[in-house]
Amino acid sequence: MHESPSGQTPPRNVDAGEIAKFEALAERWWDPNSEFRPLHDINPLRLNYIDERVGLPGQRAIDIGCGGGLVSEGMALRGATVTGIDLGEAPLAVARLHAQKSGVEVEYLAVSAEEIADERAGQYDVVTCLEMLEHVPDPASVVAACAKLAKPGGKLFFSTINRNPKSFLFAIVGAEYVLRLLPRGTHEYAKLIRPSELATWCRAAGLEVKDTTGMVYNPLTQVYKLNRDVSVNYLMYATK
């Protein structure tokens, strides 16, 4: 971590309460029937979306806010050289253990996006930051760090939840309280991010937004699919 000109170490862009939520759930990260079932359900969709746009084999990728390693390991299995970073020690321990069991090589580091961006600027073909921006105090800072990590021409992928009455109803009331797809308190409405806000942060970081795609859940069929409805969950693809 770098010191500021005053000699003070700048505060990390991290919410201790958010880290604690996921620390408590860490050992269930790879259980597809646990609270993390939605992540397991959407993971193939997210990986296909990324792979179709970058061709993962041979690419150098970094996964920001990797948690237990679902996306990191998924990209590695598709042939990418992957680094996964997170500030939660318990999810990282789970990620390392699962990769070892799976025989997959992933570099996992306990470091913030801003810290590793200072150390490895311009080193990655692919940068992913999925379901993470809504859990940090300053998401624009994370977007800027992601941009810094990407090579010129690099491809970046963000996913998060829109902020509007529909997303409150579906992502918080529905998913956390009615269907119990997620633990209560996983998301706070005020921290949710409109696509226009994320696109503004991308442009401010020197990125060009190429596509925004929605992820929609059908509670009757219990199936997720990608479509143009970005009113709740969405993916954003940008290039440097």
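Residues numbered from 1 in each chain as written. Predicted model: local features only at pLDDT ≥ 70, side-chain atom pairs only at ≥ 80, totals over all residues. Heavy atoms only, no water.

This part takes up the overall build of the chain. Of regular secondary structure, the chain possesses eight helices and eight strands. Burial analysis of the chain (240 residues in total) assigns 50% to the buried set. Intrachain contacts of the chain at a sequence separation of at least 6 include 69% that bridge at least 24 residues. On the chain, roughly 10,700 Å² of surface is accessible, and the fraction owed to carbon and sulfur atoms is 54%. (Helix = DSSP H or I, 4+ residues; strand = E, 2+ residues; numbered from the N terminus. Buried < 20%, exposed > 50% of the residue type's maximum accessible area, 1.4 Å probe, protein only. Contact = heavy atoms within 4.5 Å. Areas by Shrake-Rupley, 256 points an atom, 1.4 Å probe, with all protein chains shown as cover.)

Per-chain confidence: the chain averages 87 in pLDDT, with 83% of residues scoring 70 or above. Considering only residues more than four positions removed or in separate chains, one finds that residues 1-7, a stretch of pLDDT under 50, has 11 contacts. (pLDDT = per-residue confidence, 0-100.)

A word on the nonpolar core. Nonpolar side chains in soluble globular proteins generally cluster together in the buried interior. Grouped together as the largest cluster of nonpolar side chains are 32 residues, with contacts concentrated most on Ile50, Met75, Val82, Tyr108 and Phe157. For this core, the elements supplying multiple residues, two or more each, are α2 (37-54), α3 (70-77), α4 (89-102), β3 (106-110), β4 (124-130), β6 (208-218) and β8 (233-239). Once you skip the residues sitting within four places of it in the chain, Phe157 turns out to touch Tyr49, Ile50, Arg53, Val54, Val126, Val127, Thr128, Cys129, Leu130, Met236 and Tyr237. (Core = buried A, V, L, I, M, F, W, Y, C linked by side-chain atoms within 4.5 Å.)

Further remarks concern the state of the cysteines. Under the definition given, this model contains zero disulfides. Of all cysteine sulfurs in the structure, the one in Cys146 sits closest to Cys129, which takes part in no disulfide; the separation is 4.5 Å. Its relative accessible area of 0% is what places Cys129 among the buried residues. (Disulfide = S-S within 2.5 Å.)

As summarised here, the arrangement of the eight strands in space is β3-β2-β1-β4-β5-β8-β6-β7, forming an open sheet in which the pairing is mixed. Here the strands that pair on one side only, and so sit at the sheet edges, are β3 and β7 (223-227). Going across the sheet, the axis of each strand differs from the next one's by a mean of 20°, ignoring polarity. Taken together, the three bridges between strand β1 (residues 60-64) and β4 define a ladder with parallel strand orientation. (Pairing = 2+ DSSP bridges. Axes fitted to C-alpha atoms, helices over the stretch in contact; angles between N-to-C directions.)

With that settled, consider the side chain of Asp211. Mapped onto the fold, Asp211 is located in strand β6. For Asp211, a relative accessible area of 16% translates into the label buried. Looking at Asp211, its side chain comes within polar contact range of the side chain of Arg228, at 3.0 Å. If we ignore the near neighbours within four places in the chain, the residues touching Asp211 are Tyr49, Arg53, Arg228, Leu235, Met236 and Tyr237. (Polar contact = N/O pair within 3.5 Å; in protein donor to acceptor, adjacent residues only side chain to side chain.)

Attention now goes to the packing of α2 against α3. Direction vectors running N to C along α2 and α3 enclose 40°, while the axes themselves pass 10 Å from each other. Between α2 and α3, the crossing angle belongs to the class labelled oblique. Of the two possible hands of crossing, α2 and α3 adopt the one that is right-handed. When α2 is examined against α3, the residues Leu39, His40, Asn43, Arg46 and Leu47 are found in contact with a partner set consisting of Leu70, Val71, Gly74 and Met75. (Parallel < 35°, antiparallel > 145°, perpendicular 65-115°, else oblique. Left-handed = near helix turned anticlockwise from the far one by under 90°.)

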